[in-house]
There are 2 protein chains.
Amino acid sequence: MQEQPRRQSRIQRKNREAILTAALREFSARGFSGTTIDQIAETAGLSKPNVLYYFQSKDAIHTALLRGMLDLWLGPLRDLRAEGDPADQILAYARRKLEMSRDYPQESRLFANEVLQGAERLAPILGGELRELVDQKSALISGWIAQGKIAQVDPHHLLFSIWALTQHYADFEVQVRAVLGPDHDPYAEAQVFLDLLYRRLLKPQLRE
Amino acid sequence: MQEQPRRQSRIQRKNREAILTAALREFSARGFSGTTIDQIAETAGLSKPNVLYYFQSKDAIHTALLRGMLDLWLGPLRDLRAEGDPADQILAYARRKLEMSRDYPQESRLFANEVLQGAERLAPILGGELRELVDQKSALISGWIAQGKIAQVDPHHLLFSIWALTQHYADFEVQVRAVLGPDHDPYAEAQVFLDLLYRRLLKPQLRE
DNA sequence: CAAAATATTGACCATTTGGTCAGGATCAGG
DNA sequence: CCTGATCCTGACCAAATGGTCAATATTTTG
């Protein structure tokens, strides 16, 4: 069942890499069904049959892409630790997620496309690995709340809000840029805004 | 150039409506290229040639859908008025947008799909009508800030945040539900969370 | 450097899909 | 109830697309 992890040749590594990079570009811009193997091949600088020599099918490319990016994507949340000032931790998480939207917008859009269309391929991960991770971090946040270190907010929705607010700038980038016009740096402005927003939201309320 | 606005027959109205409803369902779930005319036809209970009797092409259906929904979509923002308490106005806008995500998730996903993939068909609207509307409402919000009625926040990003936070619950619904599990009412919880978030964010800061 | 392993491709195939069309069914109005 | 307009469909088409394969080229290795 397990594939032979036989050492990949130089050529193999290079071409697989080129295909995945090209596929990320195409899938994130046009969605799965909007992308043809020919487009991927052309972007990767290969012929179509050659692409299919490295990956069994279009689906296999897509799956490999998603799997390969999961760690990158969940990394920042995993880094949310108990140590340090709680509000700072959360602020840092939001900031890091925003940087990821800025630096990896294609990845963001790939996931968005996927989830938007029902996430059938991701469902097991969403309800499994992701859910457990979120529950764990929610418990951490609940602890902080119980200790009065941050204000009382629903931890799950706090995390959702961070995802929504940061990924928005990647996923809806054309809209953001169209509305702001050319003389803006959306990500820089967003950082200021989000810092303010979460500092206000999380500041412990003394009364009551 | 203008099409004869000749009165539509009963059958015509019924079938056009059925096609648009079916197309919304399909496009929002699978994206434009992931949807076939046959699927739309079947969902609408018509034959493929019959669908093409009412709309010139798949693209025409898509365009008609988007155009027909724009007013619904921009309505809440248009309703943001100078009268009344500023914070209440903004809170009400957020609440209304959240209700729209709950009640019209397909519409939300259709737009998300569109924007995510470059929004070529929407570009003129985003940079035109939408931008003007946003600028106008931003000016209104800036006025409130200048009067010290709400806290000092970037009006554009305030609006972005409302879009992001509310549409997230429709666009990423599968993810939200997967993470929360079955014993939650995402929209009810979100309403509480968003109310709190915006009340805290907008409360005027007295010091300084 | 020759054989074995790996990489590449042109030609090809079956299916799907957007769209057409001629002709038949149905409906509305006189 | 007849007729013209509207509505509907089966059959069809061309292009696009995912995927295959036998043959060829290139690289690696003993």
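Definitions and cut-offs
- Residues numbered from 1 in each chain as written.
- Chains lettered and ligands numbered in written order.
- Predicted model: local features only at pLDDT ≥ 70, side-chain atom pairs only at ≥ 80, totals over all residues.
- Heavy atoms only, no water.
- Helix = DSSP H or I, 4+ residues; strand = E, 2+ residues; numbered from the N terminus.
- Buried < 20%, exposed > 50% of the residue type's maximum accessible area, 1.4 Å probe, protein only.
- Contact = heavy atoms within 4.5 Å.
- Areas by Shrake-Rupley, 256 points an atom, 1.4 Å probe, with all protein chains shown as cover.
- Lys, Arg positive; Asp, Glu negative; His and termini not counted.
- Charge placed at Lys NZ, Arg CZ, Asp CG, Glu CD.
- Least-squares fit on C-alpha atoms with pLDDT ≥ 70 in both.
- Near = heavy atom within 4 Å.
- Polar contact = N/O pair within 3.5 Å; in protein donor to acceptor, adjacent residues only side chain to side chain.
- UniProt positions renumbered as here; feature names shortened; annotations may be inferred.
- Domains from an automatic or database assignment.
- Buried area = accessible area lost by both parts, 1.4 Å probe.
- Nonpolar A, V, L, I, M, F, W, Y, C, P; charged D, E, K, R; others polar.
- Salt bridge = Lys/Arg side-chain N within 4 Å of Asp/Glu carboxyl O.

The name given to chain A in an unreviewed UniProt entry is TetR family transcriptional regulator C-terminal domain-containing protein, with the source organism recorded as Paracoccus broussonetiae.

K.L.:
Got a minute to help me understand the overall build of chain A in this structure?
P.N.:
Along the backbone of chain A there are 10 helices and 0 strands. Each helix and strand of chain A, placed in order from N terminus to C terminus, yields the pattern α-α-α-α-α-α-α-α-α-α. Once the C-alpha set of chain A is aligned to its principal axes, its extents read approximately 70 × 50 × 30 Å. Out of the 208 residues in chain A, the part that is buried amounts to 50%. The contacts of chain A with a sequence gap of at least 6 include a subset with a gap of at least 24, amounting to 68%. Summing over all exposed atoms, chain A offers an accessible surface of approximately 10,600 Å²; the carbon and sulfur share of this is 48%. Charged side chains in chain A number 27 positive and 27 negative. The centres of these two groups are separated by 5 Å.

K.L.:
What's the story with the relation of the copies chain B and chain A in this structure? I'm lost.
P.N.:
Between the two copies of the chain lies a relationship made up of a rotation around an axis and a movement along it. Mapping chain B onto chain A calls for a screw motion: a turn of 180° about the axis and a shift of 0.0 Å along it, with 0.0 Å RMSD after fitting. On this basis, the relationship between the two copies can be described by a two-fold rotation axis.

K.L.:
Explanation requested: the protein's contact with DNA strand C in the structure shown.
P.N.:
Contacts to DNA strand C come from 18 residues, most closely from Ser9, Asn15 and Tyr54 of chain A together with Arg10 and Lys58 of chain B. What you see for DNA strand C is that sugar and phosphate hold 61% of its atoms within 4 Å of the protein. The side chain of Gln12 of chain A places a nitrogen or oxygen atom 2.9 Å from a phosphate oxygen of DNA strand C. The contact in question runs from a phosphate oxygen of DNA strand C to an N or O atom on the side chain of Arg10 of chain B, over 2.8 Å. If you list the elements that add at least two residues to the surface near DNA strand C, you get helix H1 (10-30) and helix H3 (48-54) of chain A together with helix H3 (48-54) of chain B.

K.L.:
What exactly am I supposed to notice about the UniProt feature "DNA-binding region" (unreviewed entry) in chain A here?
P.N.:
The sites that UniProt annotates as "DNA-binding region" (unreviewed entry) are residues 36-55 of chain A. Taken as a whole, residues 36-55 of chain A contains 75% helix and 0% strand, while its terminal C-alpha atoms sit 14 Å from one another.

K.L.:
How do you make sense of the domain arrangement of chain A when you look at a structure like this?
P.N.:
One frequently used descriptor of interface size is the decrease in accessible area upon assembly of the parts. Residues and elements named next belong to chain A. One can read the domain layout of chain A as domain 1 (1-56) and domain 2 (60-202). Here the C-alpha centre of domain 2 lies 28 Å away from the C-alpha centre of domain 1. Facing 13 residues of domain 1, the contacting portion of domain 2 comprises 12 residues. Of the roughly 1,100 Å² buried at the junction of domain 1 and domain 2 (both faces included), carbon and sulfur atoms supply 77%. Linking domain 1 with domain 2 are 0 residue pairs in polar contact (both at pLDDT 80 or more). Here the element with the most residues in the side of domain 1 that touches domain 2 is H1; it accounts for 7 residues. Here the side of domain 1 that touches domain 2 is composed, by residue class, of 9 nonpolar, 3 polar and 1 charged.

K.L.:
Looking at this structure, how should I read the interface of chain B and chain A?
P.N.:
The interface is formed by 55 residues belonging to chain B together with 55 residues belonging to chain A. Where chain B packs against chain A, one counts 0 salt bridges. For the interface between chain B and chain A, the tally reads 10 residue pairs in polar contact (both at pLDDT 80 or more). Of all the elements in the fold, those that place two or more residues in the side of chain B that touches chain A are helix H1 (10-30), helix H6 (105-116), helix H7 (123-146), helix H8 (155-171), helix H9 (173-180) and helix H10 (186-202) of chain B. Grouping the amino acids of the side of chain B that touches chain A by side-chain chemistry returns 28 nonpolar, 17 polar and 10 charged.

K.L.:
Would you mind going over H9 of chain B with me for this structure?
P.N.:
Since the α-helix turns once every 3.6 residues, residues separated by three or four places project in the same direction. H9 of chain B sits mainly inside the fold: 6 of its 8 residues count as buried. Within H9 of chain B, the full set of buried residues consists of Glu173, Gln175, Val176, Ala178, Val179 and Leu180 of chain B. Next to the buried residues of H9 of chain B lie helix H6 (105-116), helix H7 (123-146) and helix H8 (155-171) of chain A together with H6, H8 and H10 of chain B. Gly181 of chain B lies just past H9 of chain B and shows a positive phi near 80°.

K.L.:
Before we go on, may I ask you to explain the environment of Phe160 of chain A in this structure?
P.N.:
Turning to its location among the elements, Phe160 of chain A is positioned in helix H8. The class of Phe160 of chain A is buried, set by a relative accessible area of 1%. Separated by 26 residues in sequence, Phe160 of chain A and Val134 of chain A have C-alpha atoms that sit 9.9 Å apart. Not counting the four nearest positions on each side in its chain, Phe160 of chain A is found in contact with His168, Tyr169, Val176, Val179 and Leu180 of chain B.

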